[in-house]
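Residue-level listing of the chains:
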Amino acid sequence: MHTIFIDALGGKTKINREIYGHFSEHLGRCIYDGLFVGKDSDIPNIDGVRKDAIEALRAIKIPVLRWPGGCFAEEYHWRDGIGPVENRPVTVNNYWGKVPESNHFGTHEFFNLCELLGAQPYLAANLSGGTVREMQDWVEYITFDGHSTLSDLRRKNGRKKPWALPFIGIGNENWGGGGNMRPEYYADEYRKYQTFCKDYGDNRLKKIACGPSDDDYDWTEKLVKSIRRSKPFGISMHHYCAPTRNWDNKGSATAFSDDEYYSTIAHAIFMDELIQKHGAIIRRYDADIALIVDEWGVWCDTEPGTNPDFLYQQNSMRDAIVAAVTLNIFNNHADIVKMANLAQTVNVLQSVLLTDGKNMLKTPTYHVFDLFKAHQDSTLLPSHVAAPAKDDIPLISCSASLTKNGKFVLTLCNASLTEAMPLRCILDSADVSAIAEARVLTAPKEACNTFEVPDAVHPVSFDGCVLKDGCLSCTLPPVSVAEIVLK
Ligand code: AHR
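All figures in this text were calculated on a predicted structure; none of them were measured in a lab. (Residues numbered from 1 in each chain as written. Predicted model: local features only at pLDDT ≥ 70, side-chain atom pairs only at ≥ 80, totals over all residues. Heavy atoms only, no water.)

Caption draft 1: View of the overall build of the chain. When helices and strands are tallied, the chain shows nine helices and 28 strands. Taken over the C-alpha trace, the chain has a radius of gyration of 22 Å; the compact-globule value for 487 residues is 23 Å, and the two agree within 12%. Taken along its principal axes, the extent of the C-alpha atoms in the chain is 65 × 50 × 45 Å. Burial statistics for the chain: of 487 residues in total, 58% are counted as buried. Long-range contacts, defined here as pairs at least 24 residues apart, represent 75% of the contacts in the chain between residues at least 6 apart. Looking at the chain as shown, the accessible area adds up to about 18,600 Å², and 49% of this sits on carbon and sulfur atoms. With 50 positive and 62 negative side-chain charges, the chain shows a separation of 7 Å between the mean positions of the two kinds. (Helix = DSSP H or I, 4+ residues; strand = E, 2+ residues; numbered from the N terminus. Rg over C-alpha atoms; globule rule 2.2 N^0.38 Å. Buried < 20%, exposed > 50% of the residue type's maximum accessible area, 1.4 Å probe, protein only. Contact = heavy atoms within 4.5 Å. Areas by Shrake-Rupley, 256 points an atom, 1.4 Å probe, with all protein chains shown as cover. Lys, Arg positive; Asp, Glu negative; His and termini not counted. Charge placed at Lys NZ, Arg CZ, Asp CG, Glu CD.)

Caption draft 2: A look at the site of the ligand. In the vicinity of the ligand, 13 residues are found, and the nearest of them are E25, C71, E173, Y240 and E295. Contact between the ligand and N172: an oxygen atom at 3.1 Å from a side-chain N or O atom of the residue. The side chain of Y240 places a nitrogen or oxygen atom 2.8 Å from an oxygen atom of the ligand. Contact with the protein chains hides 93% of the accessible area of the ligand, taken as 280 Å² for the molecule alone. For the shell around the ligand, the class distribution of residues is seven nonpolar, three polar and three charged. (Near = heavy atom within 4 Å. Polar contact = N/O pair within 3.5 Å; in protein donor to acceptor, adjacent residues only side chain to side chain. Nonpolar A, V, L, I, M, F, W, Y, C, P; charged D, E, K, R; others polar.)

Caption draft 3: Geometry of the environment of C241. The residue C241 is located in strand β12 (residues 234–241) in this model. Judged by its relative accessible area of 3%, C241 falls in the buried class.

Caption draft 4: Structural context of the packing of helix α7 (residues 258–285) against helix α8 (residues 317–332). At a closest axis distance of 10 Å, the pairing of α7 and α8 adopts a crossing angle of 15°. When the axes of α7 and α8 are compared, the pair comes out roughly parallel. Considering how the two elements wind past one another, α7 and α8 form a crossing that is right-handed. Residue-level contacts link E260, Y261, T264, I265, A268, I269, M271, D272 and I275 of α7 to R318, I321, V322, V325, T326, I329 and F330 of α8. Along the lines of polarity and charge, the residues of the contact of α7 with α8 split into 11 nonpolar, two polar and three charged. (Axes fitted to C-alpha atoms, helices over the stretch in contact; angles between N-to-C directions. Parallel < 35°, antiparallel > 145°, perpendicular 65-115°, else oblique. Left-handed = near helix turned anticlockwise from the far one by under 90°.)

Caption draft 5: Highlighting the packing of helix α6 (residues 217–227) against α7. The contact between α6 and α7 brings their axes to 9 Å, and the two run at 25°. Classified by the interaxial angle, the pair formed by α6 and α7 is roughly parallel. In terms of crossing hand, the pair formed by α6 and α7 is right-handed. For the pair α6 and α7, contact is made by Y217, T220, E221, V224 and K225 and by E273, L274, K277, H278, I281, I282, R284 and Y285, respectively. Across the contact of α6 with α7, the residue classes tally to six nonpolar, two polar and five charged.

Caption draft 6: Main features of the pattern of salt bridges. For the structure on display, the rule yields 27 salt bridges. A salt bridge links D137 to R79, with the nearest nitrogen and oxygen atoms 2.9 Å apart. Of the two residues, D137 sits in helix α3 (residues 132–143) while R79 sits in the loop between β6 (64–67) and β7 (91–93), which places them 58 residues apart along the sequence. For D137, a relative accessible area of 6% translates into the label buried. By relative accessible area, which is 41% here, R79 ends up partly exposed. For R439, the salt bridge goes to E437, with nearest N and O atoms at 3.3 Å. (Salt bridge = Lys/Arg side-chain N within 4 Å of Asp/Glu carboxyl O.)

Caption draft 7: Layout of α3. Its 12 residues give α3 an end-to-end C-alpha distance of 17 Å, which sits within 8% of 16 Å, the value for a rise of 1.5 Å per residue. Counting buried positions over the 12 residues of α3 gives 10, a clear majority of the element. Taken together, the buried positions of α3 are V132, E134, M135, D137, W138, V139, E140, Y141, I142 and T143. Here the buried face of α3 lies against β6, α2 (107–117), β9 (120–125), α4 (149–156), β10 (167–170) and α5 (183–195). (Expected span 1.5 Å × (residues − 1).)

Caption draft 8: Inspection of the side chain of K445 at higher detail. By the secondary structure assignment, K445 is in the loop between β24 (435–442) and β25 (460–461). We classify K445 as buried; its relative accessible area is 15%. Within the structure, K445 has its side chain in polar contact with the side chain of D258 (distance 3.3 Å). Dropping the residues within four chain positions of it, K445 is found in contact with F256, S257, D258, Y261, S316, M317, R318, L417 and V479.

Below is the structure:
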């Protein structure tokens, strides 16, 4: 029997719902096909957005959506994507396959999508391939309520009232595809660009600077030191897990050895160290700047037979374990991680949905977001896990929170391929009398949902949980993710 201690009275940090955010880029079949099929499609849609995707994403309470990239953002010119669709230019998607970009999905379509989903918009604005003026004008076009040529143009294009724009990223991966900048140079650019992103009316922009990739602590140090006086809301960080850790041969999404499985989980758990170390640097300079993990997930070799530039990959129980471990890490660092965005929503990398023409399926990762959604805007409860590790990989991960209506939510994950884990969770001083809900997602490591069997992997009732004298006992099967709600 292994033990988890939960300090039920020790909660003081809110788990921002934005930690459960998503990211959709003009890449492969994420936007086109995945989310947007156009009004004339015979796939059921609302204003061109797939109805099945709206329903599925609303069900997991998608809180925020980042768009239009990614790398694509640094070549995106927003004026290409407004006005009558037949007049919009066809441009080249240089980053992702050099395929034609119709620009049929642009600013109005994105904000409409967010409204349909009930998600907040997070724009990644073009710093290296655009101009200060272009970024400034985009903010004015979107958020200005008064009379100006740009706000009148927005009205002419069909949107009378301004939209709320809570989050704006000033550039993307400017250490790489976004201009190959040095941190000192980017910091100066950030300071300049952000100066011209104005708040109009009630809109308050939360500005996010391009932070590091993985363990580039030098970037964080130099950036934060230079930009802290301009009071950014946050700095971003990107961390992807490649199963083999060899970016030229990342490994298959569906056929992998036990070693590759554990190496993927270890790579995911590295997120914890990254947050601690980048967080410590940020806190040395400023008590308020957040860490925004606006790209994360498993990055495998693309599915054989698909366009290699489209980054389409299947999604297995391994992805579900990565998602659960990572979301538990984010929850447990909710004091500094204020938003995170899984890459990417549909048909690209670690997706929550896959589509094939009229068909859509929910991946194992989708179900993890479903199991974790009760944490959104709840209060984090400190927890401590005393359970075994395999080669330094902790096999049990956990986070706990107290919801606004007084329920305790526990999300547990057993990454072991072989061992069922008997657990007792001690809720210190908690006033709990019953198990309100218990669900578990479990299947062999390579199990996937396919278009032939779309619901092979799905959560079921987690039987055998017992609550007695403030102590919850259960046995977590191998390769499993569970949600237990106590009241
Ligand atoms: O998510 C795919 C790509 O990964 C994004 O475009 C880029 O920001 C990152 O390198």
